[in-house]
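Structural characterization, general
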Amino acid sequence: MLQVPLADHPGSPYGGGGDQGAPERICPSAVILLDIRARSVCRDRAGTVQVWLSSRVLADVADSMGLRDLDPMEALKPVHGRTLVDPTIHDLAASAVATLDRPDRGAAIFRIQLARALAAHLLGVHAEAGHVPTRTRGGLAPWQVRLAQERIRAELGAAPCLRAVAAACGLSVSHFTRAFRQSVGTSPHAWLVRQRVARAKVMMRAQDRSLAEIALACGFADQSHFTRVFAREEAMSPGRWRRTTERQP
């Protein structure tokens, strides 16, 4: 079971005292959030990425996001201990794990930046709406962002119905599309593509499925379509990306 803290502390991969072994297998996109102050580990969630929440890091990132009146630990309390499906966190966590055997300062700084990225993602997507400013001007309310992204992630292998997602948010398709872009910074389709690429990366690291199988599982029309999209997003082919990952510790 992988533990990815959002701060240095004894017994963590960032603090130098934790389990340094790479996981045998990470279940696709399964993530569980844990409060670092509780010092508890869910040992019965085999293959699940554990993200330890640090109030210090979360508060610092919340401040940089302009959420100065937010108590981040309280805002994330409703999802504490829950298993979430979030390929973005999975991808960031896997990137951090790949550097654990590197003693250089660059690797340590890289992990710190990944921790901040994780914190920003958690606050932007999983924080309880009642603790976060209502909405970006012209954008979605935090609960609508969270609901929309959860609905889209749940259908990565198919073609999410934008009309159904918009209806769940109480909006028309055109209003939802404009508001989503305002809140997230990209269109629903572009965000969907990035999530598919992120899930494909998780599956490629597992090394047990062909690129054609991964392409279909992640919602691409075929391997050729997957290769074109992946190369556009990552500036390299899926095969080259997988070979590069294999050479990493």
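Located above this text is the structure these notes cover.
This write-up is about the structure you can find in this document. Residue indices begin from 1 for each chain and proceed along its sequence in written order. In view of the model being predicted, local features appear only for residues whose pLDDT reaches at least 70, and side-chain atom pairs are presented and counted only at 80 or more, with totals across whole chains, interfaces and linings using the full set of residues. Just so you know, side-chain values use all the structure's heavy atoms and leave hydrogens and water out.

Let's shift gears to the overall build of the protein chain. Helix and strand labels come from DSSP, where a helix needs a run of H or I of at least four residues and a strand needs a run of E of at least two; each type is numbered from the N terminus. Check the secondary structure of the protein chain and you find 11 helices and 4 strands. Taking the contacts inside the protein chain whose residues are at least 6 apart along the sequence as the reference set, 61% of them involve residues at least 24 apart. Surface accessibility of the protein chain: about 12100 Å² in total, with carbon and sulfur atoms responsible for 50%. Here, residues are in contact when the closest pair of their heavy atoms is within 4.5 Å. Exposure was quantified through the Shrake-Rupley algorithm and a 1.4 Å probe, taking into account, for residues, occlusion by the shown protein chains and nothing else.

Quick look at the pattern of salt bridges now. Put simply, a salt bridge is a Lys or Arg side-chain nitrogen that is within 4 Å of an Asp or Glu carboxyl oxygen. Taken as a whole and judged by the stated rule, the model has 5 salt bridges. Where Lys 201 meets Asp 91, a salt bridge forms, and the shortest distance between an N and an O atom there is 3.8 Å. Pair noted here: Lys 201 is in helix 8 (residues 188–206) and Asp 91 is in helix 3 (residues 87–97), with a separation of 110 residues, a long-range link. As far as the burial class goes, Lys 201 and Asp 91 line up, both buried. Note that Arg 205 and Asp 91 form a salt bridge whose closest N and O atoms lie 3.2 Å from each other. Taken together, the positions of Arg 205 in helix 8 and Asp 91 in helix 3 put the pair 114 residues apart, joining distant regions of the chain. Residues joined in a network through salt bridges with shared partners are Asp 91, Lys 201, Arg 205 and Glu 234. Residue exposure (1.4 Å probe, protein chains only): buried if accessible area is under 20% of the type maximum, exposed if over 50%, otherwise partly exposed.

Unlike most non-glycine residues, Ala 235 shows phi in positive territory, near 65 degrees. Position of Ala 235 relative to the elements: it lies in the loop between helix 10 (223–234) and helix 11 (238–247).

Once that is clear, we can look at helix 4 (residues 105–125). The terminal C-alpha atoms of helix 4 lie 30 Å apart, and with 21 residues this matches the ideal 30 Å at 1.5 Å per residue to within 8%. Every buried residue belonging to helix 4 is among Ala 107, Arg 111, Leu 114, Ala 115, Leu 118, Ala 119, His 121, Leu 122, Leu 123 and Val 125, and all of these are buried. Taking the backbone nitrogen of Gly 106 as reference, a side-chain oxygen 3.2 Å away marks Asp 104 as the first, capping residue of helix 4. Multiplying 1.5 Å by the residue count of a helix minus one yields the expected span of that helix. Nitrogen and oxygen atoms within 3.5 Å of one another constitute a polar contact, given that in protein one can donate a hydrogen and the other can accept it, and given that sequence-neighbouring residues count only through two side-chain atoms.

Further remarks concern the environment of Arg 242. For Arg 242, the position within the fold is in helix 11. Sequence-distant contacts of Arg 242, defined by excluding residues within four places in its chain, comprise Met 203, Met 204, Gln 207, Arg 209, Leu 211 and Ile 214. Within the structure, the side chain of Arg 242 is placed 3.3 Å from the backbone oxygen of Met 204, a separation counted as a polar contact.

In terms of nonpolar packing, the biggest core is built from 24 residues, with Leu 33, Val 51, Leu 53, Leu 58, Leu 76 and Leu 122 touching the most fellow members. When residues of this core are traced back to their parent elements, those giving at least two are strand 2 (30–35), strand 3 (49–53), helix 1 (55–64), helix 2 (72–75), helix 3 and helix 4. Non-local contacts of Leu 76, meaning those with residues more than four positions away in its chain, are made with Leu 53, Leu 58, Leu 122, Leu 123, His 126 and Ala 127. Nine residue types can take part in a nonpolar core, namely buried Ala, Val, Leu, Ile, Met, Phe, Trp, Tyr and Cys, and a core is a set of them joined through side-chain atoms within 4.5 Å.

Of note, Ala 167 is situated in helix 6 (residues 162–168). Residue classification places Ala 167 among the exposed residues on the basis of a relative accessible area of 52%. Sequence separation between Ala 167 and Ala 148 is 19 residues, and the spatial gap between their C-alpha atoms is 9.9 Å.

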